[in-house]
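# Summary of the model geometry
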Amino acid sequence: VPQFILKSDASARILVTQPRRLACTELASWVAAQCEAAGTGDVGYRIGGDCKDMDCKIVYATTAYVAEWISGSLEGCLRGITHIVLDEVHESS
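### Looking at the overall build of the protein chain
Scanning the protein chain from N- to C-terminus turns up 3 helices and 5 strands. Order of helices (α) and strands (β) in the protein chain, N terminus to C terminus: α-β-α-β-β-β-α-β. Classification of the 93 residues of the protein chain by burial places 33% in the buried group. Within the protein chain, contacts between residues at least 6 apart in sequence are counted, and of these 59% link residues at least 24 apart. Split by element, the accessible area of the protein chain, about 5900 Å² in all, is 54% carbon and sulfur.

Spelled out as structure tokens, the structure:
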């Protein structure tokens, strides 16, 4: 989904949630390879104490990290975000 958004709007900055740290880093790496091949932009991630998203067009982040952003603990972090994609948001048992 983020790649389709970026393809239709080159100025978009997309935040994608993932429930786990490994999912964020692996998806960011996989999508970055696809985007590099298509020439559509940079891909990064934000998890816990690790942040590799300097001016990236697509940013993957853990659900917990996004919850901190929204609660205001990390003021200003959502500035510039044009789209939010909530992935795997469901109740786990």
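### Focus: the environment of isoleucine 84
Following the sequence through the fold, isoleucine 84 ends up in strand β5 (residues 83–86). Assessed through its relative accessible area of 46%, isoleucine 84 is described here as partly exposed. A sequence separation of 25 residues divides isoleucine 84 from valine 59, and the C-alpha atoms of the two residues are 9.6 Å apart.

### Here we look at the sheet that holds strand β3 (residues 50–52)
Taken in spatial order, the 5 strands line up as β3-β2-β4-β1-β5 in an open sheet, and their pairing is mixed. Both outer strands of the open sheet, β3 and β5, are each paired with one neighbouring strand and no more. Ignoring which end each strand starts from, the neighbouring axes of this sheet average 20° apart. Pairing between strand β2 (residues 43–47) and β3: 3 bridges, direction antiparallel. Within β3, the residue paired with tyrosine 45 across the bridge is lysine 52. Of the strands in this sheet, β1 (14–18), β2 and β4 (58–62) touch helix α3 (residues 63–71), which is tilted by about 100° from β4.

### So, the pairing of β1
In the case of a regular strand, side chains alternate between the two sheet surfaces. Within β1, 5 of the 5 residues are buried, leaving the element largely enclosed by the surrounding structure. Relative to β4, β1 runs parallel, the two sharing 5 bridges. Bridge pairing links leucine 15 to valine 59 in β4. Examined bridge by bridge, β1 and β5 share 4 bridges and lie parallel to one another. Across the sheet, the residue bridging to threonine 17 is leucine 86, located in β5.

Definitions and cut-offs
Residues numbered from 1 in each chain as written. Predicted model: local features only at pLDDT ≥ 70, side-chain atom pairs only at ≥ 80, totals over all residues. Heavy atoms only, no water. Helix = DSSP H or I, 4+ residues; strand = E, 2+ residues; numbered from the N terminus. Buried < 20%, exposed > 50% of the residue type's maximum accessible area, 1.4 Å probe, protein only. Contact = heavy atoms within 4.5 Å. Areas by Shrake-Rupley, 256 points an atom, 1.4 Å probe, with all protein chains shown as cover. Pairing = 2+ DSSP bridges. Axes fitted to C-alpha atoms, helices over the stretch in contact; angles between N-to-C directions.

Distances and angles like these do not, on their own, reveal function.
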